[in-house]
Amino acid sequence: ETGVTQSPTHLIKTRGQQVTLRCSSQSGHNTVSWYQQALGQGPQFIFQYYREEENGRGNFPPRFSGLQFPNYSSELNVNALELDDSALYLCASSLAARGNYGYTFGSGTRLTVV
Amino acid sequence: GNSVTQMEGPVTLSEEAFLTINCTYTATGYPSLFWYVQYPGEGLQLLLKATKADDKGSNKGFEATYRKETTSFHLEKGSVQVSDSAVYFCALGVIQGAQKLVFGQGTRLTINP
């Protein structure tokens, strides 16, 4: 059983640029969530995808967008990068079921915006 | 709204000491409660959970009891080891469209031999 794989592990971008982060879900999982973890803080929910549709979103602007593919892998896209977007981005997959919080987290992508 | 407050760190203890990390929450309804652990350079791992009042979650010697009357979910371990050094996050699970986790700010724990 494979876990959640994220790529790349580290990334440096310039303010104003766009970035795409990738996530491969754990085998058998059909839901993917993305979280942003700023340095020294707890993770914050960005959004969740189920059956290729966004089914919930946190307090993040529209320049944060995502995709989920038929094989349940996912992308997080951030446009017009700002310095405050520097953070660890975590992907978590799960099997959709009410009350099931059986998330498997990846190791994250460390994004630095300069 | 939903929020989690953890005791501020960092926390430094000697090996075999007793550990308590306090966690209180604010939530509408009856959330599930979790403790996650993050080792350096890694993602989050679920340590334990409790889904209803008075439930006790336990794993690897760690315990936490869901206290509805005090809205708390304090993490305890009777005898810590150097390998327990990590960052610990308390979280609550809510359903707002999506099922999501609301995390506290984390508590860094260092255990000295």
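Since this is a predicted model, take the numbers as computed values, not measurements. (Residues numbered from 1 in each chain as written. Chains lettered and ligands numbered in written order. Predicted model: local features only at pLDDT ≥ 70, side-chain atom pairs only at ≥ 80, totals over all residues. Heavy atoms only, no water.)

**Brief notes about the overall build of chain B**
Going by this rule: Each helix is a run of DSSP H or I of at least 4 residues and each strand a run of E of at least 2, with the numbering of both proceeding from the N terminus. Atoms counted for the radius of gyration: C-alpha only. Globule rule: 2.2 Å times the number of residues to the power 0.38. Note on classification: 1.4 Å probe, protein chains only; a residue is buried when its accessible area is under 20% of the maximum for its type, exposed when over 50%, partly exposed between these limits. In this analysis, two residues are considered to be in contact whenever any of their non-hydrogen atoms come within 4.5 Å of each other.
Scanning chain B for helices and strands turns up zero helices and twelve strands. When the elements of chain B are put in sequence order from the N terminus, they spell out β-β-β-β-β-β-β-β-β-β-β-β. Here the C-alpha atoms of chain B give a radius of gyration of 14 Å, agreeing with the 13 Å that 2.2 N^0.38 yields for 113 residues. C-alpha atoms of chain B, sized along the principal axes, occupy 45 × 30 × 20 Å. Within the span of chain B, comprising 113 residues, buried residues form 47% of the whole. Across chain B, every contact between residues at least 6 apart in sequence was considered, and the portion connecting residues at least 24 apart equals 56%.

**So, the pattern of salt bridges**
Note the cut-off: Salt bridges are defined by distance alone: a side-chain nitrogen of Lys or Arg within 4 Å of a carboxyl oxygen of Asp or Glu.
Summed over all chains, the structure comprises seven salt bridges over all chains. Note that A:E75 is salt-bridged to A:R22, the shortest N-O span being 3.5 Å. With A:E75 in strand β8 (residues 74-78) and A:R22 in strand β3 (residues 19-24), this pair connects stretches of sequence that are 53 residues apart. Exposure remark for A:E75: the relative accessible area of 15% places this residue in the buried category. A:R22 sits in the partly exposed class, given a relative accessible area of 43%. Where B:K77 meets B:D84, a salt bridge forms, and the shortest distance between an N and an O atom there is 2.8 Å. Residue classification places B:K77 among the buried residues on the basis of a relative accessible area of 9%. What you see here is one network of salt bridges that share partners, running through A:R63, A:E82 and A:D85.

**Digging into the sheet that holds strand β8 (residues 62-65) of chain B**
Residue and element names in this part refer to chain B. The criterion, for reference: Strand pairing is defined by DSSP finding a minimum of two bridges between the two strands. For every element, the axis is a line fit to its C-alpha atoms; helices are fit only across the contacting stretch, and the angle between N-to-C directions ranges from 0 to 180 degrees.
On the basis of which strands lie adjacent, the open sheet formed by four strands has the order β3-β9-β8-β7 and antiparallel pairing. Whereas interior strands pair on both sides, the edge strands pair on one side only; in this sheet they are β3 (19-21) and β7 (56-59). In this sheet, neighbouring strand axes are inclined to one another by 15 degrees on average, regardless of whether the strands run parallel or antiparallel. As paired elements, β3 and strand β9 (residues 75-77) share three bridges and run antiparallel to each other. Residue pairing across strands places I21 opposite L75, the latter belonging to β9.

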